[in-house]
Amino acid sequence: MQVVFEPDHEIEDALVARLQGAVDIVTADRLWNLASERVDNGVRFFLFDFSGVTIVTSAGIGMLVRLLIRLKARGGTIAVFGCSDHICEVFDIVLLKEILHVSESEDDARGCLRNF
């Protein structure tokens, strides 16, 4: 998995995380560490771009939930966008589509963060 963090120019304390590859047991800890470091530096909101994600496993989902809990304690949250139909279905099956603010587009995801 590759990840690139970009500052969001519309929402203060927000980053866009553009992911490529699998979010699984091998990569979830790395993503957690990278995101946690940024939370420690004041980031409260993440927009996760899943357009390049090939698979998300229970380890990846668990990492997103842990990150969400950590961000909520700081008044923040996450939004996910760009999921394939299969990955959207996974989020729907585990009842996390609304909780993770799964959106079709980056603008829709940003709107979820603005309304938080």
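See the structure shown above.
Residues numbered from 1 in each chain as written. Predicted model: local features only at pLDDT ≥ 70, side-chain atom pairs only at ≥ 80, totals over all residues. Heavy atoms only, no water.

Let's shift gears to the nonpolar core. Within the largest apolar cluster, 33 residues are counted, with the highest numbers of intra-cluster contacts made by Phe-46, Phe-48, Phe-50, Leu-67, Ile-78, Phe-91 and Leu-100. Of all the secondary structure elements, the ones that give two or more residues to this core are strand E1 (2-7), strand E2 (14-23), helix H1 (28-40), strand E3 (45-56), helix H2 (58-72), strand E4 (77-81) and helix H3 (85-93). In terms of residue count, the dominant contributor to this core is H2 (6 residues). Once residues lying within four places of it in the same chain are set aside, the contact partners of Phe-91 are Phe-50, Ile-61, Leu-64, Val-80, Cys-83, Leu-96, Lys-97, Leu-100 and Val-102. Within the second largest apolar cluster, 9 residues are counted, among which are Ile-11, Val-16, Phe-81 and Leu-113. (Core = buried A, V, L, I, M, F, W, Y, C linked by side-chain atoms within 4.5 Å. Buried < 20%, exposed > 50% of the residue type's maximum accessible area, 1.4 Å probe, protein only. Helix = DSSP H or I, 4+ residues; strand = E, 2+ residues; numbered from the N terminus. Contact = heavy atoms within 4.5 Å.)

Let us now look at the pattern of salt bridges. Within this structure, the stated rule accounts for 9 salt bridges. For the salt bridge of Asp-13 with Arg-44, the shortest nitrogen-to-oxygen distance reads 3.4 Å. Of the two residues, Asp-13 sits in the loop between E1 and E2 while Arg-44 sits in the loop between H1 and E3, which places them 31 residues apart along the sequence. Arg-44 sits in the partly exposed class, given a relative accessible area of 27%. (Salt bridge = Lys/Arg side-chain N within 4 Å of Asp/Glu carboxyl O.)

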